[in-house]
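One-letter residues, chain by chain:
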Amino acid sequence: MNDRRPPATHAALNSAGPMPARASDVKVYEYRAAELFRKHGIPTVEGYLAQSVAEIRPVTAPVVVKAQVLTGGRGKAGGVKIAATTEEAREVAGQILGMDIKGFKVHKVYVVPKVQIAHEIYLSFIIDRAARCPVLLASAAGGVEIEAVPEDQLVQRRIHPSTGIQEFHIRELLGTLKVAPEVGRQIADMTRRLYRLFVTEDAELVEINPLMVLADGKVIAGDAKLVTDSDASFRHPEWEAWEDDEYTELEQEARAKSISFIQLDGSIGVIANGAGLTMATLDALMACGGKGGVFLDLGGTDDPEKVTQAFELMVKAKPSVILMNIFGGITKCDTVALGVSRVVKEQGLKIPIVARIKGLHEVEAKKILHDAGLTAADHMEEAAQKAVEMERHGGGRKGVA
Ligand code: GDP
Ligand code: MN
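Quick notes on the rules
Residues numbered from 1 in each chain as written. Chains lettered and ligands numbered in written order. Predicted model: local features only at pLDDT ≥ 70, side-chain atom pairs only at ≥ 80, totals over all residues. Heavy atoms only, no water. Phe/Tyr/Trp six-rings, centres within 6.5 Å; stacked < 30°, edge-to-face > 60°. Lys NZ or Arg CZ within 6 Å of the ring centre and 35° of its normal. Near = heavy atom within 4 Å. Polar contact = N/O pair within 3.5 Å; in protein donor to acceptor, adjacent residues only side chain to side chain. Areas by Shrake-Rupley, 256 points an atom, 1.4 Å probe, with all protein chains shown as cover. Helix = DSSP H or I, 4+ residues; strand = E, 2+ residues; numbered from the N terminus. Pairing = 2+ DSSP bridges. Contact = heavy atoms within 4.5 Å. Axes fitted to C-alpha atoms, helices over the stretch in contact; angles between N-to-C directions. Core = buried A, V, L, I, M, F, W, Y, C linked by side-chain atoms within 4.5 Å. Buried < 20%, exposed > 50% of the residue type's maximum accessible area, 1.4 Å probe, protein only. pLDDT = per-residue confidence, 0-100. Right-handed = clockwise from strand over helix to strand, strands pointing away. Donors = N, O, S within 2.8 Å, 3.2 Å for Na, K, Ca; no water.

1. A short note on the packing of aromatic side chains
1) Next: One pass over the structure, following the stated rule, counts 6 aromatic pairs.
2) Next: Across from the ring centre of Y48, 3.9 Å away, lies the NZ or CZ of R57, which sits over that ring.

2. Some words on the site of ligand 1
1) Next: Close to ligand 1 lie 17 residues; K66, R74, G75, V115 and E120 are nearest.
2) Next: One nitrogen or oxygen atom from the side chain of R74 is found 2.7 Å from an oxygen atom belonging to ligand 1.
3) Next: A distance of 2.9 Å is found between an oxygen atom of ligand 1 and a backbone nitrogen or oxygen belonging to V115.
4) Next: With the chains in place, 80% of the 570 Å² that ligand 1 exposes on its own is no longer accessible.
5) Next: Looking at the shell around ligand 1, the elements with two or more residues in it are strand 2 (63–67), strand 7 (117–128) and strand 10 (203–214).

3. Overview of the sheet that holds strand 16 (residues 321–328)
1) Next: In space, the 6 strands of this open sheet follow the order 13-15-14-16-17-18, with mixed pairing throughout. Of all strands in the sheet, those with a lone pairing partner are strand 13 (260–263) and strand 18 (376–377), marking the two edges.
2) Next: With 5 bridges joining them, strand 14 (residues 268–272) and strand 16 adopt parallel strand pairing. Pairing of I268 across the sheet is with V321, part of strand 16.
3) Next: Most of the contacts of helix 12 (residues 380–392) go to strand 16, to which it runs at about 165°, and overall it touches strand 14, strand 16, strand 17 (353–359) and strand 18.

4. With respect to the nonpolar core
1) Next: Residues F125, I208 and L226 are the most contacted members of the largest nonpolar core, which totals 37 residues.
2) Next: Counting only elements with at least two residues in this core, the list comes to helix 2 (30–39), strand 7, strand 8 (133–139), helix 4 (167–177), helix 5 (181–200), strand 10 and strand 11 (219–221).
3) Next: No other element matches helix 5, which puts 8 residues into this core.
4) Next: For I208, the contacting residues outside a window of four places in its chain are F37, I42, I121, Y122, L123, M190, L194, A221, G222 and D223.
5) Next: Of all hydrophobic cores here, the second largest spans 33 residues; its members include V294, V315, I322 and I326.

5. Thoughts on the confidence of the model for the protein
1) Next: On average, residues of the protein carry a pLDDT of 88, and 91% of them reach 70 or more.
2) Next: Note on residues 1–24: pLDDT under 50 across the span, and 57 contacts to partners over four residues away in sequence or across chains.
3) Next: Contacts for the low-pLDDT stretch residues 396–401, under 50 throughout, to residues beyond four places or in other chains number 29 contacts.

6. A word on unusual backbone geometry
Peptide bonds are mostly trans, and most non-glycine residues show a negative phi.
1) Next: The omega angle of the peptide bond from N209 to P210 is 10°, so this bond is cis rather than trans.
2) Next: In this fold, P210 is placed in strand 10.
3) Next: In this structure, K178 is a non-glycine residue whose phi angle is positive, near 50°.
4) Next: Along the chain, the position of K178 falls in the loop between helix 4 and helix 5.
5) Next: For K178, a relative accessible area of 69% corresponds to the exposed category.

7. Points about the pairing of strand 15 (residues 292–297)
1) Next: Burial of strand 15 is extensive: 6 of the 6 residues sit out of reach of the surface.
2) Next: Where strand 13 meets strand 15, 4 bridges bridge the pair, whose relative direction is antiparallel. Its bridge partner lying in strand 15, Q263 is registered against V294.
3) Next: Of the crossover connections in this fold, the one passing from strand 14 over helix 8 (residues 275–287) to the parallel strand 15 is right-handed.

8. What about the coordination of the manganese ion (ligand 2)?
1) Next: Only N209 (O) and D223 (OD) from the protein reach the manganese ion (ligand 2) as donors, at distances of 2.1 to 2.2 Å. Of the two residues, N209 is situated in strand 10 and D223 in the loop between strand 11 and strand 12 (225–228); the sequence distance between them amounts to 14 residues.

9. Comments concerning the sheet that holds strand 6 (residues 109–113)
1) Next: If you trace the 4 strands from one edge of the open sheet to the other, you get 1-6-2-3, paired in antiparallel fashion. Single-partner strands in this sheet number two, and they are strand 1 (48–50) and strand 3 (80–83). This sheet shows a mean twist of 30° between the axes of neighbouring strands, independent of strand direction.
2) Next: Pairing geometry for strand 2 and strand 6, over 5 bridges, is antiparallel. Bridge pairing in strand 6 places V63 opposite P113.
3) Next: Contacts from helix 3 (residues 86–96) reach strand 2, strand 3 and strand 6, with the element oriented near 165° to strand 3.

This is how it looks when you write it as structure tokens:
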């Protein structure tokens, strides 16, 4: 096997997939992953969770207050802070709670005892999709993002899935890390355990960054990152408890109502019927220089009430402009128009709406939309363009296409 290729970075892995990628690059909170690490015999520091400043316990020895968000790079963003006293811990917890890290709001902090670090290492296993096998990725330079490490300082070794991690992998790893024998023994043990975790927990990625070599020579996982493969969920009923972590409050509400609704980083809300059409509409929007803030797929429905429910969720997400693209078939155009016009009338909606509506009962639909103060566009490109223009002009009034 040829190993001389760029590292299978997590970013590359995450870009594949049929659904619009969320900003999230982690699927399990650090505190949950750390618990799993301990279950597999990987030492970590153990702390407690706090959701408010009042839950911060008296500090007797320095602590680290860590934002729990489903994204990495928290340290750089100011989401990991050291505190030596109770006052300081409350102060930094107050700063971190409510902070926005790459679009994720911090609702919880994990408070752990501060340790004395002598050296930081990077250690991970990741699935290389192209090679169809796990890869061991390690670096003597931990604490920084692996993408920034020069290739000659990396261990990047494919693991054959049927034989798993072997002693020669460990020797190669320790040869690159150049650590004292007693430290090496602990890292070797941790690496074997991490591989076992990777396999038994059906992970796509497990990452310890930093793997901390402490001043007293002990080795611990200083951070715990885990991305699991959702196709294996049938084997992991325990993942159900984690599921809500991944979704925003509105997305959870949508799931409870069986509505296909995803929040994205842009500000224009896109509604269409069918995942394909919804994605195509997002693409059209992108091509016009706009960015989707919501992906809402109405699917096939003939119930205006269902449309109203979905549209209400869209409104709650506070998009700057709503771009609708409906192709009437199973879902008739007038069903959608009725559901939408109800919300517009009842709420006196001020968010501009651009609607492209085509197909079965199109004429009736256009009349309903017209009566609600909206008119429809005929082409998707035209509608997308209009939505972007409206956003640029600040929105705030009921719009027509
Ligand atoms: P990330 O930025 O999201 O990857 O969060 P980490 O959990 O990796 O923490 C960021 C950085 O904070 C680490 O690389 C460490 O340098 C530092 N850090 C975290 N815990 C401790 C600790 O107990 N002691 C010290 N001295 N530094 C810590
Ligand atoms: Mn980290």
